[in-house]
Amino acid sequence: MKRTVAWLLMGAALAFGCSTPPEGDTGDKGSGVAGDKKLQIAVIPKGATHEFWKSVHEGAQKAADETGVQIVWKGPIKEDDRESQVKTVEDFINQKVDGIVLAPLDDTALRGPVEEAKRNEIPTVIIDSGLKDADYVSFVATDNYKGGQMAGAEMIKLMADLGKPKARIVMLRYQEGSASTMEREKGFLDMVKNEPKIEVVSSNQYGGATTETAQKAGENLLAPLKKPDGSLDIDGIYTPNESTTFGMLRVLQDNNWAGKVKFIGFDASPKLIEGLTNGHINGLILQNPRKMGELGVKTIVDYLKGNKDVEKRIDTGATLITKENMDSTENKALLAPPKV
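Residues numbered from 1 in each chain as written. Predicted model: local features only at pLDDT ≥ 70, side-chain atom pairs only at ≥ 80, totals over all residues. Heavy atoms only, no water.

A. Expanded view of the overall build of the protein chain. In terms of regular secondary structure, the protein chain is built from 11 helices and 14 strands. Counting the 340 residues in the protein chain, one finds 51% classified as buried. Within the protein chain, counting contacts between residues at least 6 apart in sequence, those at least 24 apart form 73% of the total. For the protein chain, the exposed surface amounts to about 16,100 Å²; the carbon and sulfur share of it is 51%. (Helix = DSSP H or I, 4+ residues; strand = E, 2+ residues; numbered from the N terminus. Buried < 20%, exposed > 50% of the residue type's maximum accessible area, 1.4 Å probe, protein only. Contact = heavy atoms within 4.5 Å. Areas by Shrake-Rupley, 256 points an atom, 1.4 Å probe, with all protein chains shown as cover.)

B. Looking closely at the environment of Phe92. You can see Phe92 is positioned in helix 3 (residues 82-94). Considered as a pair, Phe92 and Lys74 are 18 residues apart in the sequence and their alpha carbons are 9.7 Å apart. In contact with Phe92, not counting residues within four places along its chain, are Ala42, Ile44, Val72, Lys74, Val97 and Ile122.

C. Region of the structure containing unusual backbone geometry. With a phi angle near 60 degrees, Glu121 is a residue other than glycine that sits in the positive phi range. Positive phi, close to 60 degrees, is recorded for Asn256, a residue that is not glycine. Secondary-structure assignment places Asn256 in the loop between helix 8 (242-254) and strand 11 (262-266). According to the relative accessible area criterion, Asn256 is exposed, its value standing at 53%.

D. Focus on the pattern of salt bridges. Evaluated as defined, the whole model comprises 22 salt bridges. Notably, a salt bridge pairs Lys62 with Glu66, separated by 2.8 Å at the nearest N-O pair. Residue Lys62 and its partner Glu66 are both found in helix 2 (residues 51-67); the two are separated by 4 residues, about one turn of the helix. For Lys62, a relative accessible area of 38% translates into the label partly exposed. Relative accessible area serves as the criterion here: at 44%, Glu66 is assigned to the partly exposed category. (Salt bridge = Lys/Arg side-chain N within 4 Å of Asp/Glu carboxyl O.)

E. Representation of the packing of helix 7 (residues 211-222) against helix 8 in the model. Interaxial distance between helix 7 and helix 8 falls to 7 Å at its minimum, and their mutual angle equals 55 degrees. Relative to helix 8, the element helix 7 lies oblique. As for the relative orientation of helix 7 and helix 8, their crossing is right-handed in sense. Taking contact as the criterion, the partners of Thr211, Glu212, Ala214, Gln215, Gly218, Glu219, Leu221 and Leu222 in helix 7 are, on helix 8, Ser243, Thr244, Phe246, Gly247, Met248, Arg250, Val251, Leu252 and Asp254. (Axes fitted to C-alpha atoms, helices over the stretch in contact; angles between N-to-C directions. Parallel < 35°, antiparallel > 145°, perpendicular 65-115°, else oblique. Left-handed = near helix turned anticlockwise from the far one by under 90°.)

F. Spatial organisation of the nonpolar core. Counting residues in each nonpolar core, the largest one holds 29 residues, and the members touching the most others are Leu222, Ile234, Ile237, Met248 and Leu252. With 5 residues, the single largest contributor to this core is helix 8. Among all residues touching Met248, those that are not within four sequence positions of it are Leu172, Gly218, Leu221, Leu222, Ile237, Thr239 and Phe263. Residues Val43, Val125, Val297 and Ile314 belong to the second largest nonpolar core, which totals 23 residues. (Core = buried A, V, L, I, M, F, W, Y, C linked by side-chain atoms within 4.5 Å.)

G. Molecular detail of helix 5 (residues 144-162). In a regular helix each residue adds 1.5 Å, so 19 residues correspond to 27 Å; helix 5 covers 27 Å between its end C-alpha atoms and thus fits that length. Taken as a whole, helix 5 has its buried residues at Asn144, Gly147, Gly148, Ala151, Gly152, Glu154, Met155, Ile156, Leu158 and Met159. Once helix 5 finishes, Gly163 follows within two positions and takes phi at roughly 75 degrees, a positive value. (Expected span 1.5 Å × (residues − 1).)

H. Highlighting empty space enclosed by the protein. Per the counting criterion, the structure on display carries 2 cavities of 30 Å³ or more. By volume, the second largest cavity is sized at about 110 Å³. At 3 residues, the largest contribution of residues to the lining of the second largest cavity is made by helix 6 (residues 179-192). (1 Å grid on protein atoms, 1.4 Å probe; cavity = no way out; pocket = protein on both sides within 12 Å on 5 of 7 lines; lining within 4 Å. Points joined across faces, edges and corners; volume = space filled by probe spheres on them.)

I. Structural detail: the packing of aromatic side chains. Evaluation of the coordinates by the stated rule reveals 2 aromatic pairs. Taking the centre distance of 4.8 Å and the plane angle of 85 degrees together, the rings of Phe52 and Trp53 count as edge-to-face. Pairing Phe188 with Tyr238 gives two aromatic rings, centres 4.1 Å apart and planes at 15 degrees, and the pair type is stacked. Taken together, the residues Phe188 in helix 6 and Tyr238 in strand 10 (residues 236-238) connect sequence positions 50 residues apart. Overall, the relative accessible area of 0% leaves Phe188 in the buried class. A cation sits over an aromatic face here: Arg184 above Phe266, 4.3 Å from the ring centre. The ring of Tyr136 has Lys312 sitting right over it, with the charged end atom 4.8 Å from the ring centre. (Phe/Tyr/Trp six-rings, centres within 6.5 Å; stacked < 30°, edge-to-face > 60°. Lys NZ or Arg CZ within 6 Å of the ring centre and 35° of its normal.)

J. The arrangement of the pairing of strand 6 (residues 124-127) in detail. Residues Thr124 and Ile126 of strand 6 are buried on one face, and the alternating residues Val125 and Ile127, pointing to the opposite face, are buried as well. As defined by bridge partners, strand 5 (residues 99-102) adjoins strand 6 across 3 bridges and the pair is classed as parallel. Counted as the bridge partner of Ile100 is Thr124 from strand 6. As paired strands, strand 6 and strand 7 (residues 138-141) are joined by 3 bridges and run parallel to one another. Bridge pairing in strand 7 links Ile127 to Val140. (Pairing = 2+ DSSP bridges.)

K. Quick look at the sheet that holds strand 12 (residues 283-286). One open sheet accounts for 6 strands, arranged 9-8-10-11-12-14; its pairing is mixed. Single-partner strands in this sheet number two, and they are strand 9 (198-206) and strand 14 (319-321). Each neighbouring strand pair of the sheet contributes to a mean axis angle of 15 degrees, computed without reference to strand direction.

Here it is as structure tokens:
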């Protein structure tokens, strides 16, 4: 009887000593621990469908693996669902994550949730797109204004090569409130507006967050610009993100205009790379989304480990990719499809 009681007591002790970690905690102990559990970092993208965010996810996971933290990836399905993104931030605050890496859909609407996170002692790193008047740890992103200028400089070059007295171009915007694309649009327009041989025919139309809305907007934009023979009465087109670039590419291909008008876009996907290869797109301004996701997570982890002097602004770079330079080793790495 005494032996039986002893075995029962030993079993109970082992059961308590080897309890299963709580849900969401792998139980690993490594360089990214806070107390007796892994740091948990919420990474909130603008959306889930674009190839860009899949690459950001890949970079964030790489950083998590290297620093020993756990990331929780969650964001809206579409890039125009502000309410969903606000709720996602609020949910993570209630779950008491250790830190947040956020790509805000709107430069104003997400300010309140970020301030609420700070009041709950949850620091935030902003990636991709800026946030007005909010207290965050760091902003990790492309210099979007400079990226727009790069697109403008390439458009000026392409228009000069046509040899026309006055080249006509259009720009299809993304959506209001998106700080990153507004900077790309401004950079582009600032670059071309003083060029005497270029006329900006239209720059006030918005494509929206999906390929379908951008395609419809592109059709509406170009319809009044057709000549009697069905060709386009413009020479160049600029689009500032993946959805507007792919939507416009579809319009050009569906109407047999692809390759007959100079076209510069932003970001990459397999279809856009194909368009670059076959001459339907003349240039793509590429960011480095993997680097953005990686540095976003590493910066918040660095801050949580006690480094309160992390860089306030980290530029992840932008590159002009053309058919002529797309096969370089460095540019192939930027164009490679994401693995996540």
